[in-house]
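Observations on chain architecture
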Amino acid sequence: MDDNRDQNTIFVLFGATGDLAWRKIVPALFRLFCNTKLPQRFLLLCVGRQSMTERALSERFKESAAARAHGTFSNDDWQRFSEQIRYLSADVSIQKTYADLAQFIHQQEQQWTQTSQLLFYFSMPSTFFSPIVEGLGGAKLNRNDAVVVVEKPIGHDLQSFRDIDNTLKRFFTEEQIFRIDHFLGKETVQNIFAMRFGNPIFEPIWNRRYVDHVAITVAETLGVERRASYYEHAGALRDMLQNHLLQLLCLIAIEPPVVYDASDIRNRKMDVMSAIRPFNKETLDQRAIRGQYDKGRIGGAEVPSYRDDLDVAPASTTETFAAVKLFIDNWRWQDVAFYLRTGKRMAASVSEISVRFRDVPHCAFPVCFGLNSQPVRLIIQIQPQEGIVLKFMAKEPGSLMTLKPVDMRFSYKESFNIATPDAYETLLWDALRGDATLFMRADQVEAAWQLFAPVLTAWSETPPNDFPNYAAGSWGPESSDELIHSDKRQWLIPD
Ligand code: BG6
C-alpha cells in the first residue's frame, strides 16, 4: 500500500507510560503527523497501568516530542496531534481490559461510520505478549484488518520465543505480525543495500577472495538508564547482539535479492542465518566473551559501576558487554571471520561496520615503507557519523614512494543536507502501510535464538568470576581484545 491517508486507523499502544513510548514511539508518530503521513482519521489509544489524565500524559509526551523535533516543534501542531490521544488505564492481564478496548473501538468506528485498521503495538516486556494476544483474541479484536507490532527481544530464549510465537500465530497470520528491530529502520542501515546492490563495483570484491574479515561495533556511552529492571534479565546478548548486530551481519553477508520486497529479502537473510556456524561447547570460550562495567570516567565525569546502578543486584552477573566471532559457511564467506561486539558505558557512542580487505600480496615499489600499515577498509558508519569511509593507501607527496593512509568519505549530511528520519518513524510508517520488508520474520528470530542458545546456556551455567571486568569509558574487557588479537587482528578504534 503506497498511501495510507484514507485508511482510518486506531493505534493501540500497550505500555504507553513506559520509556520507549515516551522516547521513541510517540515522537515518531508526531513527526509522521507533521509530515502528513498519518491517516487523516487517526486515534492513538494509549494503554498503561498508571492512573493519569489524558492531559497529563499528553504533556509528558509533548516534552519528549519537542526535544526530538529537530528544532521544528510547533505548539499548534502538537495541539492538533494531541487531540487524537486517548488514555485507558488498565491491567493487561485481565479480560475486562479487552472488553473495554473492544467497546472503545466499536464506539469510535460508529462515530466514523466506518471500520478502521487496528494496529496493536506491544511496547512491553515480552512476558506480556501472550496474555495480550489472548486477550485481544478473546475480545475478537484479532480481525483481518488488525496488525500487531512486537518489540525485541521476543522471549528470553528459544523455548519462550517459540511459546510466544505459537500464541501469536494462533490468533494472527504471519502477514499481520510485525517484529520490530529498529536498527533496520535506520537510514544508514538501509543504505547498506543501496551501496551493495545499487553499484556494480562492490559486488565483485564482496567475498572471501578480497575480504579478510568484518568487524561490527555497536558501542554506547550510556548505561542502562531507567531500564535496569528489564536489563538485569536481558543483558547485552539478548538486548543487542541477538537482534541488532545479527541484522547488520545479515545485510553485509546477504546474497543479492531478485526483487526488493519483504519475501525475497527475508528469504535471503534466512540463507545467511542458516549458514552461520553453530557454537559448540569446546570452542565456545574462544568465540563468545562477556563483560560488565566497573566504575570509570566518561566525558570527564565519574560514573558508577553497573552493580551500583539503581535496581541492579549488588552481585549481578548480567553482562553489559558481549562479543562473538562468527563464520558463515557458504561459498561467499567460508573462513572469513565476522567479529561482533557491543557494550554499555564504552569509550564512545559509535556504531560502525568495518570491512577489512586483504593485504596486497606482493610489494612492487622500490621503497615500500608503509605498505599494509593501514590495510584497506570500508567503514560503514551507522551513527553518530552517518556515512561511508574508504581507508586506503596513497603516495605521500614529495617522498620517493612512501605510502600513507588516507580516507575517502561520503557523508549523509554533506550530500543530502537534510535530517535523516528516525528509525521508528520509518518503521511505523511501514507498519501502517503493511510493508514488512524491514521487519523480522519468525524463522529468522528463531534462528537467532537457536544460534545463541549454547552461549546463553553456558553463561547461565557458569557465572562469571571476574565481573566487573572493564572500566566504564574503556573499549571493553581484555578478553574482547584477545578474541580478535588471537587471530592477529584488531578492533579498529573509531575515528
Ligand atoms: C535498544 C536497546 O534496542 O537499542 C537499548 O534495548 C539500546 O539498550 C538501544 O540502548 C540503542 O539504539 P539506538 O538507536 O539508540 O542506537
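Refer to the structure printed above.
Residues numbered from 1 in each chain as written. Predicted model: local features only at pLDDT ≥ 70, side-chain atom pairs only at ≥ 80, totals over all residues. Heavy atoms only, no water.

1. Looking at the environment of Asp 359
- If you trace the backbone, Asp 359 turns up in the loop between strand S14 (350–357) and strand S15 (377–383).
- With relative accessibility at 38%, the residue Asp 359 sits in the partly exposed group.
- Separated by 147 residues in sequence, Asp 359 and Asp 212 have C-alpha atoms that sit 8.2 Å apart.
- Polar contacts involving the side chain of Asp 359 include one to the side chain of Arg 356, which spans 3.0 Å. (Helix = DSSP H or I, 4+ residues; strand = E, 2+ residues; numbered from the N terminus. Buried < 20%, exposed > 50% of the residue type's maximum accessible area, 1.4 Å probe, protein only. Polar contact = N/O pair within 3.5 Å; in protein donor to acceptor, adjacent residues only side chain to side chain.)

2. Looking at the site of the ligand
- Lys 152, His 182, Phe 183, Lys 186, Glu 220, Arg 227, Asp 239, Met 240, His 244, Lys 344 and Gln 383 make up every residue found near the ligand.
- A distance of 2.7 Å separates an oxygen atom of the ligand from a polar side-chain atom of Lys 152.
- In the model, an oxygen atom of the ligand is placed 2.7 Å from a nitrogen or oxygen of the His 182 side chain.
- Across the complex, the protein chains shield 81% of the 390 Å² of accessible surface that the ligand would expose by itself.
- Here the shell around the ligand is composed, by residue class, of two nonpolar, three polar and six charged. (Near = heavy atom within 4 Å. Areas by Shrake-Rupley, 256 points an atom, 1.4 Å probe, with all protein chains shown as cover. Nonpolar A, V, L, I, M, F, W, Y, C, P; charged D, E, K, R; others polar.)

3. As for the pattern of salt bridges
- Enumeration according to the criterion identifies 34 salt bridges in this entry.
- We note a salt bridge from Glu 203 to Arg 196, for which the minimum N-O separation is 3.4 Å. Each of the two residues, Glu 203 as well as Arg 196, counts as buried.
- The closest approach of N and O atoms between Arg 433 and Asp 430, which form a salt bridge, is 2.7 Å. Remark: Asp 430 and Arg 433 occur in helix H12 (residues 423–433); sequence separation between them is three residues, near one turn of the helix.
- The class for Asp 430 is buried, based on a relative accessible area of 7%.
- A cluster of three or more residues bridged by salt bridges with shared partners is formed by Lys 24, Arg 31, Asp 422 and Glu 425. (Salt bridge = Lys/Arg side-chain N within 4 Å of Asp/Glu carboxyl O.)

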